[in-house]
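# Structural characterization, general
Below, each chain spelled out in residue letters.
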Amino acid sequence: MSEPLFTNDTIIFGVLMLALGFIFYTESLKGGFWEKFYKIIPGLFMAYMLPAILTTIGLIAPEWTTTSDAGEVVKHKTNLYFVASRYLLPAALVLMTLSIDLKAVFNLGWKALIMFFTGTIGIVIGGPIAILLVAAVSPETVGGFGADAVWRGLSTLAGSWIGGGANQTAMLEIYGYNQAEYGKMVFVDIVVANVWMAILLIGIGKRAKINKWLKADTSSIEALKEKMSTFTESVKRTPTLTDLMLMAAIAFGTVSVAHLCADNLAPFFGKLIAGIESATLKNTFTFLDSTFFWMISIATVIAILLSFTKAKNYEGAGASKFGSVFIYILVATIGMKIDISSIFDNLGLIAIGFVWMSIHALLLILVAKLIKAPYFFLAVGSQANVGGAASAPIVASAFHPSLATVGVLLAVFGYAVGTLAAIGCTILMQLAAGG
């Protein structure tokens, strides 16, 4: 991207907060245009889309290039997404999980797992089908030879959309795609995955109608939400400064412990994995080399343990509300990564991505209809694959803050099966591309 108007992270953060403030203020207005608007478009979607618009018109940007006096191209990027995903996301998960009823979460039943694995299968078969369909119209789009073969590049999308960044990197190494062209695949990943997330967020505002069409049994979800609401009311109080400081201590103290453990566990497992002779086996467990995986997992485990202590009573002082603040900031930084106008670049690869994601979506809808699964399981099952631990909790918490943990737990499955499932998908894509 070219240099935006604002390049200072402090200013960009202020712009994002003003955008969020505008959304929450207009959403609070009763009567008139805004009330009608937010009945159609959820506020969470606007928290995602408004920063994308600001990026598109050039006010802000996730990254950009400048030319030095010596004529060298210098790359710049904002650190806001890194801070939000590494510090605020785990803190939000802690605050939202403090009051979780783990037994009630498990009572959500088998449909959650069915929808997650349906999403995985949708990605595995979607890739080769997308190649076949696009090849019928534009064979050159799915061509290439050797390291430049498009199917090799698409293998990284399969890794990202089932597991996440660690699995994506593993696929890049396994299939040796030309790294000079890798940026195009990253671009497709960002555009398609984020557009799909936007569609899911819009669907959340229509979930009652969708659930009615699916003939879904939402009793377990509603029971959990009701149980959490009842508990919140029973411990509700006006938060004191002490409450706020202790909640901050619990949240960010846990985040620091999670980072400390992750910074040691990731290198430890990295060395173990490096010693594995089988390349396939080595890359299957590459997610254990990810500090992000360990950081999110450890923060969630600590929060679940705290939910069995008196710390859960901080829900009455607004713990999940403060967690929601952090989630909205994360959503805004994710939205900032999208330049809407750039969707028209690399249209061929973008077409493959959208066809691929459409197959994933259609299979989810079909299975949800067959087993009468609620939209919650469809949306979170999809994001646990496509978005991973960074966005699955966002979608889950949009239904209710106490459900954020469900998104994390399913995302962990994604890390575990990501590389193996992506390898299976890539084999099918190679056959489809005739490579």
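Up top is the structure these notes are about.
### A short note on the overall build of the protein chain
On a plain count of helices and strands, the protein chain comes out with 19 helices and two strands. In summary, the protein chain has a C-alpha radius of gyration of 22 Å against a globular reference of 22 Å for 435 residues, a match within 12%. The 435 residues of the protein chain split such that 52% are buried. In the protein chain, of all internal contacts separated by at least 6 residues, the share reaching a separation of at least 24 is 83%. Each charge class in the protein chain can be summarised by its mean position, and for the 27 positive and 24 negative side chains these summaries are 14 Å apart.

### Quick notes on the nonpolar core
Within the largest apolar cluster, 137 residues are counted, with the highest numbers of intra-cluster contacts made by Tyr 48, Leu 154, Trp 161, Trp 356 and Phe 376. If one sorts the elements of this core by residue count, helix H9 (residues 182-205) sits on top with twelve residues. Excluding its chain neighbours within four sequence positions, the residues that come into contact with Leu 154 are Ile 131, Met 185, Ile 352, Trp 356 and Met 429.

### Quick notes on the packing of aromatic side chains
Under the criterion given, the structure shown has 17 aromatic pairs. For the ring pair Trp 34 and Phe 37, a centre distance of 5.6 Å and an interplane angle of 80 degrees mean the geometry is edge-to-face. Separated by three residues within a single helix, Trp 34 and Phe 37 lie in helix H2 (residues 32-40), roughly one turn from each other. Overall, the relative accessible area of 25% leaves Trp 34 in the partly exposed class. Through successive ring pairs, a cluster of aromatic residues spans Phe 22, Phe 33, Trp 34, Phe 37 and Tyr 38.

### Considerations on the pattern of salt bridges
Evaluation of the coordinates by the stated rule reveals two salt bridges. Across the salt bridge formed by Arg 237 and Asp 243, the nearest N and O atoms sit 3.1 Å from each other.

### A closer look at the environment of Ser 278
One can find Ser 278 in the loop between helix H12 (241-274) and helix H13 (279-284). The sequence separation of Ser 278 and Phe 106 amounts to 172 residues, and the corresponding C-alpha distance is 36 Å.

### Digging into a nonpolar patch on the surface
On the surface, Phe 82, Val 83, Tyr 87 and Phe 252 cluster together into a nonpolar patch covering about 340 Å² of accessible area. Top element by residues in the nonpolar patch is helix H4 (residues 80-97). It accounts for three residues. In this structure, Val 83 sits in helix H4. The class for Val 83 is partly exposed, based on a relative accessible area of 33%.

### Quick notes on the packing of helix H7 (residues 150-162) against helix H17 (residues 375-386)
Following both chains from N to C, one finds H7 and H17 inclined at 130 degrees, their axes separated by 4 Å at the closest point. Judged on the interaxial angle alone, H17 and H7 are oblique. Residue-level inspection shows Ser 160, Trp 161 and Ile 162 of H7 in contact with H17, the latter providing Ala 384, Asn 385 and Val 386. When the residues that make up the contact of H7 with H17 are grouped by side-chain class, the tally is four nonpolar, two polar and no charged.

### Quick word on unusual backbone geometry
Phi angles above zero are rare outside glycine, and Lys 215 is one such case at about 55 degrees. Mapping Lys 215 onto the fold places it in the loop between helix H10 (207-214) and helix H11 (219-235). Classification of Lys 215 as exposed rests on a relative accessible area of 59%. Notably, Lys 372 is not glycine yet its phi reads approximately 55 degrees, a positive angle. Note that Lys 372 resides in the loop between helix H16 (347-371) and H17.

### What to know about helix H6 (residues 111-137)
The terminal C-alpha atoms of H6 lie 37 Å apart, and with 27 residues this matches the ideal 39 Å at 1.5 Å per residue to within 8%. Bending of H6 peaks at approximately 30 degrees at the position of Gly 126, with proline Pro 128 no more than four residues after it.

### What to know about the packing of H4 against H12
At a minimum axis separation of 9 Å, H4 and H12 run at an interaxial angle of 120 degrees. Overall, the two elements H4 and H12 adopt an arrangement that is oblique. Between H4 and H12 lies a crossing whose hand is right-handed. Residues Arg 86, Tyr 87, Leu 88, Pro 90, Ala 91, Val 94 and Leu 95 of H4 lie in contact with H12, whose contacting residues are Met 247, Ile 250, Ala 251, Phe 252, Thr 254, Val 255 and His 259.

### Notes on helix H1 (residues 9-28)
Counted at 1.5 Å a residue, the expected span for H1 with its 20 residues is 28 Å, and the 28 Å between its end C-alpha atoms agrees. Structurally, H1 contributes buried residues whose contacts are with H2, helix H3 (43-56), H4 and helix H15 (319-335). One side-chain oxygen at the N-terminal end of H1 lies 2.7 Å from the backbone nitrogen of Thr 10; it belongs to Asn 8.

### With respect to the environment of Thr 419
Inspection of the secondary structure puts Thr 419 in helix H19 (residues 404-433). What makes Thr 419 buried here is its relative accessible area of 0%. Along the primary structure Thr 419 and Ala 390 are separated by 29 residues, whereas in three dimensions their C-alpha atoms are 18 Å apart.

### A word on the pairing of strand E2 (residues 73-77)
Along E2, only zero of the five residues are buried, which leaves the element largely exposed. When strand E1 (residues 63-67) meets E2, the two strands line up antiparallel, connected through five bridges. Directly across from Glu 63, in E2, lies its bridge partner Lys 77. Hairpin connection from E1 to E2: five residues lie between these consecutive antiparallel strands, with Gly 71 at a positive phi of about 85 degrees.

Definitions and limits used
Residues numbered from 1 in each chain as written. Predicted model: local features only at pLDDT ≥ 70, side-chain atom pairs only at ≥ 80, totals over all residues. Heavy atoms only, no water. Helix = DSSP H or I, 4+ residues; strand = E, 2+ residues; numbered from the N terminus. Rg over C-alpha atoms; globule rule 2.2 N^0.38 Å. Buried < 20%, exposed > 50% of the residue type's maximum accessible area, 1.4 Å probe, protein only. Contact = heavy atoms within 4.5 Å. Lys, Arg positive; Asp, Glu negative; His and termini not counted. Charge placed at Lys NZ, Arg CZ, Asp CG, Glu CD. Core = buried A, V, L, I, M, F, W, Y, C linked by side-chain atoms within 4.5 Å. Phe/Tyr/Trp six-rings, centres within 6.5 Å; stacked < 30°, edge-to-face > 60°. Salt bridge = Lys/Arg side-chain N within 4 Å of Asp/Glu carboxyl O. Patch = residues over 30% accessible without salt bridge, like charges linked within 9 Å, V, L, I, M, F, W, Y side chains within 5 Å. Areas by Shrake-Rupley, 256 points an atom, 1.4 Å probe, with all protein chains shown as cover. Axes fitted to C-alpha atoms, helices over the stretch in contact; angles between N-to-C directions. Parallel < 35°, antiparallel > 145°, perpendicular 65-115°, else oblique. Nonpolar A, V, L, I, M, F, W, Y, C, P; charged D, E, K, R; others polar. Expected span 1.5 Å × (residues − 1). Bend = angle between axes of the 7 residues up to and from the residue. Left-handed = near helix turned anticlockwise from the far one by under 90°. Polar contact = N/O pair within 3.5 Å; in protein donor to acceptor, adjacent residues only side chain to side chain. Pairing = 2+ DSSP bridges.

Interpretation in functional terms is not warranted from these geometric data alone.
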